[in-house]
Amino acid sequence: MNINAIQTSSENGLKIILEKTEFGFSAYAPAHSGIYTVGDSYEELKENIEEVIEYQVDYLKETGKNAEAEFLKNAKVEYFLDVKQFFEQYPILNKSEFANYIGMNASMMRKISSGIIPLSDAKARQIQEGLHRLANDLKQIHFAL
């Protein structure tokens with residue numbers, strides 16, 4: 001898993017890694033000890049991580065680490081998944097069709113998402129940007145009544 005392929009771009013971003021484990025799901029902030037949790041779903045992880053951040057902010061204030069507490073309090077939480085976990089979480093997306101949508105070879109996408117080929121920075125950006133473009137395209141759709 002090349003979870004560092006896309007680094008947080010904002011100064012006030014808090015990178016949270018979401019992982020599927022043998023027993024459920026886990027989340028942690030690699031740059032901030034004390035921020036980690038487990039849950040039964042990604043949705044539960046996101047709720048739990050918000051609570052953990054609040055507790056960590058309180059702890060940091062109590063120990064006099066006000067600058068770090070202020071950073072965490074105002075940080076934009078950014079969630080990171082690896083490609084394989086993404087397609088497992090959203091099986092509605094067909095890997096081959098999505099690859100065509102973003103201009104990637106479908107075989108390459110299947111190999112990346114199965115871990116046969118490591119995810120490069122360029123491919124990670126291409127997949128992420130394509131996913132965001134798809135989300136924007138979908139937001140513009142309205143159904144005729």
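Residues numbered from 1 in each chain as written. Predicted model: local features only at pLDDT ≥ 70, side-chain atom pairs only at ≥ 80, totals over all residues. Heavy atoms only, no water.

A.B. asks: Can you help me understand the overall build of the protein in this one?
C.D. replies: What the protein contains, in helices and strands, is six helices and four strands. When the helices and strands of the protein are placed in sequence order, the string is β-β-β-α-α-β-α-α-α-α. Principal-axis analysis of the C-alpha atoms places the extent of the protein at approximately 50 × 45 × 30 Å. Out of the 145 residues belonging to the protein, those deemed buried represent 35%. Counting only contacts in the protein whose residues sit at least 6 apart along the sequence, the fraction spanning at least 24 positions is 45%. With an accessible surface of roughly 9500 Å², the protein has 51% of that area assigned to carbon and sulfur atoms. Averaging the coordinates of the 15 positive side-chain charges in the protein and doing the same for the 21 negative ones gives two points 9 Å apart. (Helix = DSSP H or I, 4+ residues; strand = E, 2+ residues; numbered from the N terminus. Buried < 20%, exposed > 50% of the residue type's maximum accessible area, 1.4 Å probe, protein only. Contact = heavy atoms within 4.5 Å. Areas by Shrake-Rupley, 256 points an atom, 1.4 Å probe, with all protein chains shown as cover. Lys, Arg positive; Asp, Glu negative; His and termini not counted. Charge placed at Lys NZ, Arg CZ, Asp CG, Glu CD.)

A.B. asks: Explain the packing of helix 4 (residues 95–102) against helix 6 (residues 121–139) here, please?
C.D. replies: To describe two helices that pack against each other, one gives the angle between their axes and the distance between the axes. Contact geometry for helix 4 and helix 6: axes closest at 10 Å, N-to-C directions at 90°. Between helix 4 and helix 6, the angle falls in the class roughly perpendicular. Seen from helix 4, the contacting residues are Phe98, Tyr101 and Ile102; seen from helix 6, they are Gln126, Ile127, Gly130, Leu131, Arg133, Leu134 and Asp137. For the contact of helix 4 with helix 6, a count of residues per class yields six nonpolar, two polar and two charged. (Axes fitted to C-alpha atoms, helices over the stretch in contact; angles between N-to-C directions. Parallel < 35°, antiparallel > 145°, perpendicular 65-115°, else oblique. Nonpolar A, V, L, I, M, F, W, Y, C, P; charged D, E, K, R; others polar.)

A.B. asks: Looking at this structure, I do not really get the environment of tyrosine 36. What am I missing?
C.D. replies: If you trace the backbone, tyrosine 36 turns up in strand 3 (residues 36–39). Tyrosine 36 sits in the exposed class, given a relative accessible area of 58%. Apart from the residues within four sequence positions on either side, tyrosine 36 is in contact with Ala27, Tyr28, Ile49 and Val52.

A.B. asks: Honestly, the packing of aromatic side chains in this entry has me stumped. Any pointers?
C.D. replies: Within a pair of aromatic rings, the relevant descriptors are the distance that separates the centres and the angle that separates the planes. All chains considered together, the criterion is met by five aromatic pairs. Between phenylalanine 86 and phenylalanine 87 the ring centres are 5.2 Å apart and the planes differ by 80°, which places this aromatic pair in the edge-to-face class. On the basis of an interplanar angle of 65° and a centroid distance of 6.1 Å, the ring pair of phenylalanine 87 and phenylalanine 98 is categorised as edge-to-face. Here phenylalanine 87, found in helix 3 (residues 83–89), pairs with phenylalanine 98, found in helix 4; they are eleven residues apart in sequence, far enough to count as distant. (Phe/Tyr/Trp six-rings, centres within 6.5 Å; stacked < 30°, edge-to-face > 60°.)

A.B. asks: Would you explain the nonpolar core in this entry?
C.D. replies: One broad rule of soluble globular proteins: the nonpolar side chains tend to lie buried together. Counting 17 residues, the largest nonpolar core has Leu14, Ile16, Ile35 and Leu72 as its most contacted members. Among the secondary structure elements, those contributing two or more residues to this core are strand 1 (13–20), strand 2 (25–28), helix 1 (42–62) and helix 2 (66–74). Per-element tally for this core: the top contributor is helix 1, with seven residues. Excluding its chain neighbours within four sequence positions, the residues that come into contact with isoleucine 35 are Leu14, Ile16, Ala27, Tyr28, Ala29, Ile49, Val52, Ile53, Gln56 and Leu72. In this structure, Ile102, Ile112, Leu119 and Ala124 belong to the second largest nonpolar core, which totals 14 residues. (Core = buried A, V, L, I, M, F, W, Y, C linked by side-chain atoms within 4.5 Å.)

A.B. asks: What should I look at first to understand a nonpolar patch on the surface in this one?
C.D. replies: Together, Leu138, Ile141 and Phe143 line one region of the surface with nonpolar side chains, adding up to about 370 Å² of accessible area. Mapped onto the fold, leucine 138 is located in helix 6. (Patch = residues over 30% accessible without salt bridge, like charges linked within 9 Å, V, L, I, M, F, W, Y side chains within 5 Å. Salt bridge = Lys/Arg side-chain N within 4 Å of Asp/Glu carboxyl O.)

A.B. asks: Would you take a moment to explain the sheet that holds strand 3 for this structure?
C.D. replies: Picture the strands of a sheet paired through backbone hydrogen bonds; they go either parallel or antiparallel. A sheet is described by the order of its strands in space; here four strands give the open sequence 3-2-1-4, paired in mixed fashion. Here the strands that pair on one side only, and so sit at the sheet edges, are strand 3 and strand 4 (76–80). Ignoring strand direction, the axes of neighbouring strands in this sheet form an average angle of 25°. As judged from the five bridges shared by strand 1 and strand 4, these two strands associate in the parallel manner. Opposite leucine 14, over in strand 4, you have valine 77 as the bridge partner. Packed on one face of the sheet, helix 1 meets strand 1, strand 2, strand 3 and strand 4 and runs near 150° to strand 3. (Pairing = 2+ DSSP bridges.)

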